[in-house]
Amino acid sequence: MIFSIYIINKAGGLVYNKDYSEGLSKLTSNEYLVLAGTFHGVHAITSKISPVPGSSGIEMLETDTFRIHCFQTLTGTKFLLVADPQQPSIDHTMKKIYECYSDYCVKNPFQNPEMPIRSEQFDVHLLKLVKSVGGLVVSHTLQQQQSQYNSNNNQYQNVQPYNTSSVDPSAQGSSNLPPTLPNIASSGLGLGV
């Protein structure tokens, strides 16, 4: 069972956290920030004091009731996964979480890697991933979030992409051309081009 996912930026700031289990005691916003900063510091120190040269720091912290797995990217972003000690295939799950992050956060031109992640698509795809891994105790709030996303997403399913095969390139002033910069400039919108 996956309990929580945290994403920490390269400076040690918490940019994302989500709890997936009803039984967890809720932390305050400040406690989440302290948790992220503390783990970031311990991770940095352990990479320095490791007897193995070139160590990347803590990869797993194990207790009797949970494990904290850490996956660090080449850019220094850390993905923390709090899971049951018997949860199988954690490495595969961590790579899938990173793929979701890459698809819905890194490729988003409006998302700064140092700022908190506010992506509904990322939340929903991460929830689907956690559900597919199994053992998820879905809270009522998470169910509402996914149903709201699904209902919002349905309105875009019937939108057809722009058909470029019917465009005649010789018809510069034609209304069937897509709104490119030369077409907008020739329409007299005053762009000064």
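Throughout this description, residue numbers start from 1 for each chain and increase along the sequence as written. Reporting in this predicted model follows two pLDDT cut-offs: at least 70 for local features of residues, and 80 or more for side-chain atom pairs to be given and counted; totals over whole chains, interfaces and linings ignore these cut-offs and use all residues. Heavy atoms from the whole structure form the basis of all side-chain values; hydrogens and water molecules are not counted.

Draft legend 1. Helix α1 (residues 29–49), seen in detail. Comment: elements are numbered from the N terminus, with helices defined as DSSP H or I runs of at least four residues and strands as E runs of at least two. One fewer than the residue count of a helix, multiplied by 1.5 Å, yields its expected span. The terminal C-alpha atoms of α1, which comprises 21 residues, lie 31 Å apart, in line with the 30 Å expected from a rise of 1.5 Å per residue. What α1 keeps buried is the set Y32, A36, F39, H40 and H43. Burial along α1 is one-sided: seen end-on, the buried residues are contained in an arc of 100 degrees. Exposed residues on α1 whose side chains face more than 90 degrees from its buried face are N30, I45, K48 and I49. Whether two residues are in contact is decided by their heavy atoms, any of which lying within 4.5 Å being enough. On its buried side, α1 packs onto β1 (2–8), β2 (14–19), β4 (67–72) and β5 (78–83). With a 1.4 Å probe rolled over the protein chains alone, any residue whose accessible area is under 20% of its type maximum counts as buried; one over 50% counts as exposed, and the rest are partly exposed. The arc in question is the one spanned by the directions pointing from the helix axis to the C-beta atoms.

Draft legend 2. The arrangement of the confidence of the model for the chain in detail. Each residue carries a pLDDT score, the predictor's confidence in it, ranging from 0 to 100. When pLDDT is averaged along the chain, the result is 77; 69% of the residues meet or exceed 70. Taken element by element, the predicted model of the chain shows its lowest mean pLDDT in helix α5 (residues 181–186) (44) and its highest in β2 (94). Counting contacts from residues 154–193, a segment whose pLDDT is below 50, to residues more than four positions away or on other chains yields 21 contacts.

Draft legend 3. Molecular detail of the pairing of β4. The criterion for strand pairing is that DSSP finds at least two bridges linking the strands in question. Here strand β3 (residues 60–62) pairs with β4 via 3 bridges, running antiparallel. Bridging from a neighbouring strand, M60 pairs with H69 of β4. Strand direction decides the pairing type here: β4 and β5, joined by 6 bridges, are antiparallel. The residue bridging Q72 from the neighbouring strand is K78, located in β5.

Draft legend 4. Fine view of the state of the cysteines. Here, two cysteine sulfur atoms that lie within 2.5 Å of each other are counted as a disulfide. All told, the structure shown has 0 disulfides when counted by the stated rule. No disulfide involves C100; its sulfur sits 8.9 Å from the nearest other cysteine sulfur, which is in C105.

Draft legend 5. Quick look at the nonpolar core. Here, nonpolar core refers to any group of buried Ala, Val, Leu, Ile, Met, Phe, Trp, Tyr and Cys residues whose side-chain atoms link them within 4.5 Å. Formed by 21 residues in total, the largest nonpolar core has its most connected members in I5, I7, Y20, I97, I117, F122 and L126. At 6 residues, the largest contribution of residues to this core is made by helix α2 (residues 90–106). Excluding its chain neighbours within four sequence positions, the residues that come into contact with L126 are I5, Y16, Y20, I97 and C100. Membership of the second largest hydrophobic core comes to 12 residues, among which are Y6, I8, I58 and L80.

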